[in-house]
Amino acid sequence: MTLSTTRRSPLSIDQLRDAVRGRVIAPDDADYDAARTVMYAGPDRRPAAIVRVADADDVARVIAIARETGLELAVRSGGHSASGQSVSDGGIVIDVRDLTSLEIDPPNRTAWAGSGLTAGEYTTTAAEHGLATGFGDTGSVGLGGLTLGGGVGYLGRKHGLTIDSLLAAEIVTADGTTLVVDANTHPDLFWAIRGGGGNFGVATKFKYRLHDVSQFVGGMMVIPATAETVQGFIEAAGAAPDELSTIANVMPCPPLPFVAEEHHGSMVIFGMLAYAGDIEAGQAALAPFRALAEPLADMCEPAAYPTMFPPDDPDYHPTAVSRTMFMERVDRPVAETIMRFLEASDASLRVAQLRVLGGAIARVPAEVTAYAHRTSPIMVNIAAFYDGEADKPIREAWVAEFSAALNQGDAGAYVNFVGDEGEARVRAAYPGATWDRLARIKAEYDPDNLFRLNQNIPPAAGS
């Protein structure tokens, strides 16, 4: 059934407030500017209303009002959208940040979690039972967007993507119906939301599998960056046991208090290493990284898993341009290219972030979920901060040239790191048959493309 979105009626804030249990924030409210602020600075978007929904029924009512008014609909969880699509300009925002219920079942190692929880909040509570679900690498990221896009993080090589631990979800679809989906109930929709982003509805709850992290070794390690150490870090990460997941941020060293001042501004590998398993085995797995060069700082030690998610600065709103891509290898010529580009730039912050994947991520067949890049071994994210609009084209050109120099023929992209880059880049996240299947499912559950403020997959024509 096709539901019209063309009929327009004025948006009444009073009627919207009467319709929902949650709080409606309008442009004349004192906290409006704070409520519409997202992680990345950029476009100054001013929604007509922000609705801090209280439950799935609120979501359904807001969807109905968006249809009646014809207003654009945005969905916000943690506000970390790389493309800035957590906020509409002139439309309605469904803000799920108050959906923070968390029910943990330690004997069965499962949890039902509200989509407004952050990765840090969930992880801290689950760790009280020695358990965790693998999310990303930033504690303030909301579970909603992170999960729907895939979820690449510190437990990836051991336990897979976040979606590989997703057992079920509660989702409100474009016609206002609340569904609980899993592998047996609405299996096509369950397949689609595991990597297909927010194209298919508003997720309000997730059921996750929990994993044992009662023993854990990890933290930050800062190593001088040279072509030799960059190559060595990636080779060591690829050769490591699946229990170890790593992130190598090759960048100028910021003024960190735990790094000697003489090294501030020099090129370093700001490494994040996470070993989920036996302490002694974990220390052995970290030894090859310590052997690359004398660390400038080494904070890797036995610890509770939530220490991987230190508090974020809520006032940190950078402006940046970036590019995400996949690579096959980082040999010496590639490492030299990385160093050359980083040393040539004068951006206030520039980085090549390298994540070795594989392990449990690669053992899931590509067709099982909408995340289609299971065999891509290395994810690369290139980013540069810009200072004002005049500086932005300079940084965009650098990112484009850098990514072209690293291109090894893998045209894929991870949707959660794709910015405002156009339809071709969205298609790169969902190649071939994956795109076609997602478009057919979109036509079934959202034929009018109500949920379009995202990395959008339009409904298949004629479905």
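Residues numbered from 1 in each chain as written. Predicted model: local features only at pLDDT ≥ 70, side-chain atom pairs only at ≥ 80, totals over all residues. Heavy atoms only, no water.

1. What about the overall build of the chain?
So the rule is basically this: Elements are defined by DSSP. Helices are runs of H or I of four residues or more, strands are runs of E of two residues or more, and each kind is numbered from the N terminus. Taken over C-alpha atoms, the radius of gyration is set against a globule rule of 2.2 Å times the number of residues to the power 0.38. Here the term buried applies to any residue with accessible area under 20% of the maximum for its type, exposed to any over 50%, and partly exposed to those in between, with areas from a 1.4 Å probe on protein chains only. Contacts were defined at the residue level, with two residues in contact if any of their heavy atoms lie within 4.5 Å.
When you go through the chain residue by residue, the secondary structure sums to 13 helices and 19 strands. Here the C-alpha atoms of the chain give a radius of gyration of 22 Å, agreeing with the 23 Å that 2.2 N^0.38 yields for 463 residues. Oriented by its inertia axes, the alpha-carbon framework of the chain measures out at about 65 × 55 × 45 Å. In the chain, which comprises 463 residues, the share counted as buried stands at 55%. Put simply, of all contacts in the chain between residues at least 6 apart along the chain, 72% involve residues at least 24 apart.

2. Concerning the pairing of strand β12 (residues 216-224)
What counts here: What makes two strands pair is DSSP finding at least two bridges between them.
With respect to burial, β12 is a largely interior element, 7 of its 9 residues being buried. Of the strand pairs in this sheet, β12 and strand β16 (residues 301-302) are connected by 2 bridges, and their pairing is antiparallel. Bridged to Val217 within β16 is Pro302. Sheet topology note: the β12/strand β15 (residues 297-298) ladder contains 2 bridges and is antiparallel. Paired with Met221 across the bridge in β15 is Asp298.

3. Focus: the pattern of salt bridges
Convention followed: Salt-bridge detection follows one rule: a side-chain nitrogen of Lys or Arg within 4 Å of a carboxyl oxygen of Asp or Glu.
This model, assessed by the stated rule, comprises 24 salt bridges. We note a salt bridge from Arg97 to Asp95, for which the minimum N-O separation is 2.6 Å. For Glu423, the salt bridge identified is with Arg427, shortest N-O distance 3.4 Å. Here Glu423 pairs with Arg427, and both are found in helix α12 (residues 423-429), just 4 residues apart, close to one helical turn. Under the relative-accessibility criterion, Arg427 is labelled partly exposed at 39%.

4. Comments concerning the confidence of the model for the chain
Our working definition: A score between 0 and 100, pLDDT records how confident the predictor is in each residue.
Confidence in the prediction of the chain, expressed as mean pLDDT, is 96, and 98% of residues score 70 or more. Here residues 1-6 scores under 50 on pLDDT; set against residues more than four positions off or in separate chains, the count is 12 contacts.

5. A look at the sheet that holds strand β2 (residues 49-52)
What counts here: Every angle, taken between N-to-C directions, lies between 0 and 180 degrees, and every axis is a line fitted to C-alpha atoms, over only the stretch in contact when it is a helix.
If you walk across this open sheet you meet the 4 strands as β1-β2-β4-β3, and the pairing is mixed. What marks the edges here is a single partner per strand, and that holds for β1 (23-25) and β3 (73-76). Each strand of the sheet is rotated relative to its neighbour by a mean of 20°, with strand direction disregarded. Across 4 bridges, β3 lies against strand β4 (residues 92-95) in parallel orientation. Looking at the pairing, Val75 lines up with Ile94 of β4.

6. Description of helix α3 (residues 56-69)
Heads up, the rule is: Any helix carries an expected span of 1.5 Å times its number of residues minus one. For this analysis, a polar contact is any N or O atom pair within 3.5 Å, provided that within protein one partner can donate a hydrogen and the other can accept it, and provided that sequence-adjacent residues contribute only side-chain to side-chain pairs.
Taking 1.5 Å per residue, 14 residues should reach 20 Å; α3 reaches 20 Å between its end C-alpha atoms and fits that length. Buried residues of α3: Ala56, Asp58, Val59, Ala60, Val62, Ile63, Ile65, Ala66, Arg67 and Thr69, and no others. For α3, the capping residue at the N-terminal end is Asp55, with a side-chain oxygen 3.2 Å from the backbone nitrogen of Asp57. Phi for Gly70, located one or two positions after α3, is positive at around 75°.

7. A short note on the packing of aromatic side chains
When we look at a pair of aromatic rings, we describe it by the centre distance and by the angle of the planes. Stated formally: Working definition: a ring pair exists when centres of Phe, Tyr or Trp rings (six-membered ring for Trp) sit within 6.5 Å. Plane angles under 30 degrees give stacked, over 60 give edge-to-face, the rest tilted.
Under the criterion given, the structure shown has 13 aromatic pairs. Where Phe216 meets Tyr305, the ring centres are 5.2 Å apart and the plane angle is 80°; that geometry is what we call edge-to-face. Of this pair, Phe216 sits in strand β12 while Tyr305 sits in the loop between β16 and β17 (320-327), placing them 89 residues apart in sequence. Phe216 sits in the buried class, given a relative accessible area of 1%. Accessibility expressed as a relative area gives 2% for Tyr305, which makes it buried.

8. Re the side chain of Arg395
With respect to the helices, strands and loops of the structure, Arg395 is situated in helix α11 (residues 392-406). On the basis of relative accessible area, Arg395 is assigned to the buried category, the value being 9%. Among residues more than four places away in sequence, those in contact with Arg395 are Val321, Ser345, Asp346, Ala347, Ala384, Phe385 and Tyr386.

9. A word on the side chain of Arg355
In this structure, Arg355 sits in strand β18 (residues 350-356). A relative accessible area of 3% places Arg355 in the buried class. At 2.5 Å, the side chain of Arg355 and the side chain of Asp137 are in polar contact. Among the polar contacts listed, one links the side chain of Arg355 to the backbone oxygen of Val152, at a separation of 3.4 Å. Ignoring any residue separated from it by four or fewer positions in sequence, one finds Arg355 in contact with Asp137, Val152, Thr246, Ile247, Pro377, Ile378, Met379, Asn381 and Phe417.

10. A word on the packing of helix α8 (residues 227-239) against helix α10 (residues 332-344)
Put simply, the rule is: Oblique is the label for any angle not under 35 degrees, not over 145, and not in the 65 to 115 range, which are roughly parallel, roughly antiparallel and roughly perpendicular in turn. Left-handed is the label given to a crossing in which the near helix is rotated counterclockwise from the far helix by less than a right angle, and right-handed is the label when the rotation is clockwise. Ten residue types, Ala, Val, Leu, Ile, Met, Phe, Trp, Tyr, Cys and Pro, are classed as nonpolar, four, Asp, Glu, Lys and Arg, as charged, and the remainder, Gly among them, as polar.
Here α8 crosses α10 at 120°, and the two axes come no closer than 8 Å. Relative to α10, the element α8 is oriented oblique. Viewed along their axes, α8 and α10 form a crossing whose handedness is right-handed. Together, Ala227, Glu228, Val230 and Gln231 of α8 and Arg332, Ala335, Glu336, Ile338 and Met339 of α10 make up the contact between the two elements. Taken together, the residues of the contact of α8 with α10 break down into 5 nonpolar, 1 polar and 3 charged.

11. Observations concerning helix α13 (residues 433-445)
The terminal C-alpha atoms of α13, which comprises 13 residues, lie 19 Å apart, in line with the 18 Å expected from a rise of 1.5 Å per residue. Residues Thr434, Trp435, Leu438, Ala439, Ile441, Lys442, Ala443 and Tyr445 constitute the buried set of α13. Check the buried side of α13 and you find it contacts β9 (178-182), α7 (187-193) and α12.

12. Details of the pairing of strand β5 (residues 102-105)
Relative to strand β6 (residues 110-114), β5 is paired through 4 bridges, and the arrangement is antiparallel. Pairing of Ile104 across the sheet is with Ala111, part of β6. What sits between β5 and β6 in their antiparallel hairpin is a turn of 4 residues, with Arg109 showing a positive phi close to 55°.

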